[in-house]
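# Architecture and fold: a report
As a plain string of letters, each chain reads:
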Amino acid sequence: PSQPEVMALNEKVGFRRSFCYVTVEKFVKAMAQADPATYEAYVGTYEPDKEALLKHGLTSNLTITIRKSGDRLISEQRDMQDELFPESESEFFTDHHYAQIVFAKDELGAVTHLFYREDGREMRANKLSSP
């Protein structure tokens, strides 16, 4: 609204005004330095335990896909994509809905599962595949 010329241009090329709002938040959580080369071990598809999903009121066909995009780690669930920001070498958080993902390894150092934490709830998801 403070730039009527830009609004007029947008409307001229087909955009229409609609109600919306923007929430601005200060990103206050500190990020750790992590080597993006270590992200490859986390990439894959993870499936939460079906009973845990039902306990939290979620459908039983949820999977979590972790992928690498350049030097970033991305979590995909259904139609949501969130960048994962490092807290440590194996702990990450999202800035969108304040979730935390912790990757767990076996005694040989292979990633076997992750813990997904959000709003005081925690779910374990076993790693099904790697790329």
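This text follows the structure it describes.
Computed from a predicted model, the values in this text were never measured in an experiment. (Residues numbered from 1 in each chain as written. Predicted model: local features only at pLDDT ≥ 70, side-chain atom pairs only at ≥ 80, totals over all residues. Heavy atoms only, no water.)

For Ser75, the position within the fold is in strand β3 (residues 72-77). Classification of Ser75 by relative accessible area gives buried; the value is 3%. Through-space distance from the C-alpha of Ser75 to that of Thr94 is 9.0 Å; in sequence the pair is 19 residues apart. Once residues within four sequence positions are removed from consideration, Ser75 is found in contact with Ile64, Thr65, Ile66, Met80, Gln81, Asp82, Leu84 and Ile101. (Helix = DSSP H or I, 4+ residues; strand = E, 2+ residues; numbered from the N terminus. Buried < 20%, exposed > 50% of the residue type's maximum accessible area, 1.4 Å probe, protein only. Contact = heavy atoms within 4.5 Å.)

This part takes up the packing of aromatic side chains. Counted by the stated rule, this structure contains six aromatic pairs. Seen from their ring centres, Phe85 and Phe93 are 5.8 Å apart, and the 35° between their planes marks the pair as tilted. As far as burial versus exposure is concerned, Phe85 and Phe93 are alike and both buried. Each member of the aromatic cluster is reached from another via a ring pair, and the members are Tyr39, Tyr42, Tyr46, Phe92 and Phe103. (Phe/Tyr/Trp six-rings, centres within 6.5 Å; stacked < 30°, edge-to-face > 60°.)

What follows is about the nonpolar core. Core analysis: the largest hydrophobic core is formed by 20 residues, its most contacted members being Tyr42, Tyr46, Ile66, Leu73, Phe103 and Leu114. Secondary-structure elements contributing two or more residues to this core are α2 (50-55), β2 (64-69), β6 (100-105), β7 (111-118) and β8 (121-129). It is β7 that provides the largest number of residues to this core, a total of three residues. With near-sequence residues (within four places) excluded, Leu114 lies in contact with Tyr46, Ile64, Ile66, Ile101, Val102, Phe103, Met123, Arg124 and Ala125. (Core = buried A, V, L, I, M, F, W, Y, C linked by side-chain atoms within 4.5 Å.)

We now examine the side chain of Asp82. Within the secondary structure, Asp82 sits in strand β4 (residues 80-86). Buried charge Asp82 goes without a salt bridge, the closest partner of opposite sign being Arg72 at 10 Å. (Lys, Arg positive; Asp, Glu negative; His and termini not counted. Salt bridge = Lys/Arg side-chain N within 4 Å of Asp/Glu carboxyl O.)

Sizing a probe to match a water molecule and rolling it over the atoms shows the empty space that remains. Taken as a whole, the second largest pocket spans an internal volume of roughly 210 Å³. Only β7 and β8 provide two or more residues apiece to the lining of the second largest pocket. Across the lining of the second largest pocket, the residue classes tally to seven nonpolar, three polar and three charged. (1 Å grid on protein atoms, 1.4 Å probe; cavity = no way out; pocket = protein on both sides within 12 Å on 5 of 7 lines; lining within 4 Å. Points joined across faces, edges and corners; volume = space filled by probe spheres on them. Nonpolar A, V, L, I, M, F, W, Y, C, P; charged D, E, K, R; others polar.)

Close approach of charged atoms lets side chains of opposite charge pair. Enumeration according to the criterion identifies five salt bridges in this entry. Its salt-bridge partner being Glu40, residue Lys68 comes within 3.7 Å of it at the nearest N-O pair. Taken together, the residues span a long stretch of sequence, with Lys68 in strand β2 and Glu40 in the loop between α1 (4-12) and β1 (44-48) at a distance of 28 residues. Lys68 sits in the partly exposed class, given a relative accessible area of 27%. In this structure Glu40 comes out as partly exposed when scored by relative accessible area, which is 45%. A salt bridge links Glu47 to Lys50, with the shortest nitrogen-to-oxygen separation between them at 3.3 Å. Accessibility expressed as a relative area gives 28% for Glu47, which makes it partly exposed. For Lys50, a relative accessible area of 41% gives the class partly exposed.

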